[in-house]
Amino acid sequence: MRQIDFVQAFTQAPIECDMYMALPPGIETKHENSKDYVLKLLANLYGQKQAGRVWNQYMADKLHDIGFQQSQVDECIFYCNDIIFIVYVDGGLFFGSHDGTLTLIIKQLKDAGLNAEDQGHPADYVGVNIKKSRDGTYEFTLCTLIDDIIDDIDISNPYTKPVPAKLSLQLHAFCDSPKFKGNFNYRTAVGKLNYLGQTTRLDILYEVHQAAKYSANPRLENEEAIVYIVKYLKVKRHIGLRFKPDPSKGFQCYCDGDFAGNWNKEFAATDPSTAKSRSGWIMFYASCPIIWASKLQSQVALSTTEAEYIAMSMALCDVFLVMELIKEMREHKFDIVNMQPCVYCKVFEDNSRGLELARLPRLRPHTKNINVCCHHFREHV
């Protein structure tokens, strides 16, 4: 396994079409009004809406020139013989059976015109620290980011918290409460906590999502919720994810729905989102978590059955994508854990009516609408 970093990645790709930009602040022309002049872009600049797509296409063409084939399931995955290359914005990971082959591929990549830095075996990737134990387990932690968050919040109270949120408090808009006047940037804190929850700390994902809903107009209670999460992280700083693959296990997905769990008639008039239910799911492959989420449902569920069924539908969207990726890897002759003639996934759901709808194609007056938006996975059951 080898890690590379593309130096100023987006600017390596040529500009897609003639584009112009206003003069940046501090730059003025010697004659006439500076506002009458513009700059013509010569390279694919960060900040353009199409910059990411242009860079990805440019990189894909270069990889194709040295023998790589782009995945039909995920545009950021490439195959070449027994090598897999995964790219995330401007960083990438090579996986192969021989280190010498990876060294040769990286040299060919540079010769093809891509400015990339070989960073060797990844001790960390996109900020996540990767540690392999003697028993074969991998530990993923993000202690550096947690330390940055603690420094940003600057907690004066030394007391820590055993859980990430107050169990007796439901966050809502708090329109009558004082506005946020903390000594930290609320959106920055939410962004860092969200990245932490998406990478290594599943235990704070729900609380961070609740706090993120009110980033546009945070109140004192929302500030206290952020501080509460950070006090919890302070005492649980070294916790992360531990992966110990079990070759006997295949796909497993656990999903659940919370029907209008935040509903409160006192706040419904000022915060309509309290009527929405929440979906949560986690997917395992070879007994290792690979995808997890905690999201509000985009539509208002009218019953517990509908909320649970929508949660199952949302979870299976991720399941089908990963299953197709595994099938594609098998077609490229890669060894797959728990290789069987067909790829299956066990889905665990705790609502009996939701399970009945999934197994039996019976539509009743109160569930006909579910067929339109959530029944896409019925043929796979």
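Refer to the preceding data block for the structure.
In this report, we go over the structure that sits alongside the text. These numbers come from a predicted model, not from an experiment. (Residues numbered from 1 in each chain as written. Predicted model: local features only at pLDDT ≥ 70, side-chain atom pairs only at ≥ 80, totals over all residues. Heavy atoms only, no water.)

## So, the side chain of Ser177
Stage number 1. Relative to the assigned elements, Ser177 resides in the loop between α4 (143–153) and α5 (186–199).
Stage number 2. At 3.0 Å, the side chain of Ser177 and the side chain of Glu221 are in polar contact.
Stage number 3. In this structure Ser177 touches Arg219 and Glu221, once residues within four positions along its chain are discounted. (Helix = DSSP H or I, 4+ residues; strand = E, 2+ residues; numbered from the N terminus. Polar contact = N/O pair within 3.5 Å; in protein donor to acceptor, adjacent residues only side chain to side chain. Contact = heavy atoms within 4.5 Å.)

## Quick notes on the nonpolar core
Stage number 1. If you look at the biggest cluster of nonpolar residues, it comprises 29 residues, and the most contacted ones within it are Ile153, Phe184, Leu193, Leu196, Ile204, Ile226 and Leu233.
Stage number 2. If you list the elements that add at least two residues to this core, you get α4, α5, α6 (205–212) and α7 (220–235).
Stage number 3. Ranked by residues supplied to this core, first place goes to α7 with seven residues.
Stage number 4. Beyond its immediate stretch of four places on either side in the chain, Leu233 contacts Ile146, Leu193, Leu196, Arg201 and Ile204.
Stage number 5. Residues Ile4, Ala60, Phe68 and Leu114 belong to the second largest nonpolar core, which totals 26 residues. (Core = buried A, V, L, I, M, F, W, Y, C linked by side-chain atoms within 4.5 Å. Buried < 20%, exposed > 50% of the residue type's maximum accessible area, 1.4 Å probe, protein only.)

## Some points on the sheet that holds strand β4 (residues 69–70)
Stage number 1. Pairing in this open sheet of six strands is antiparallel, and the strands run β4-β5-β6-β7-β1-β8 from one edge to the other. Unpaired on one side and paired on the other, β4 and β8 (116–118) mark the two borders of the sheet.
Stage number 2. Pairing between β4 and strand β5 (residues 77–80): two bridges, direction antiparallel. By the bridge assignment, Gln69 is partnered in β5 with Tyr79.
Stage number 3. Across the sheet, helix α3 (residues 99–111) touches β1 (2–6), β6 (83–88), β7 (91–95) and β8, and the angle it forms with β1 is around 10°. (Pairing = 2+ DSSP bridges. Axes fitted to C-alpha atoms, helices over the stretch in contact; angles between N-to-C directions.)

## As for helix α2 (residues 51–65)
Stage number 1. The end-to-end C-alpha distance of α2, which contains 15 residues, comes to 22 Å, matching closely the 21 Å that a straight helix rising 1.5 Å per residue would cover.
Stage number 2. Within α2, burial applies to Ala51, Val54, Trp55, Asn56, Tyr58, Met59, Ala60, Lys62 and Leu63.
Stage number 3. Each element contacted by the buried residues of α2 is listed here: β1, α1 (9–12), β4, β5, β6 and α3.
Stage number 4. In the segment just after α2, Gly67 is the residue with positive phi, at about 105°. (Expected span 1.5 Å × (residues − 1).)

## Regarding the packing of aromatic side chains
Stage number 1. This model, assessed by the stated rule, comprises 13 aromatic pairs.
Stage number 2. Arranged with centres 4.9 Å apart and planes meeting at 55°, the rings of Phe140 and Phe243 form a pair that is tilted. Highlighted residues: Phe140 in strand β11 (residues 138–141) and Phe243 in strand β12 (residues 241–243), separated in sequence by 103 residues.
Stage number 3. Given a relative accessible area of 13%, Phe243 falls into the buried group.
Stage number 4. Each ring, one from Phe180 and one from Tyr186, has its centre 5.5 Å from the other, and the planes form 65°; the classification is edge-to-face. (Phe/Tyr/Trp six-rings, centres within 6.5 Å; stacked < 30°, edge-to-face > 60°.)

So, to be careful, I would describe these as geometric facts and stop short of saying anything about function.
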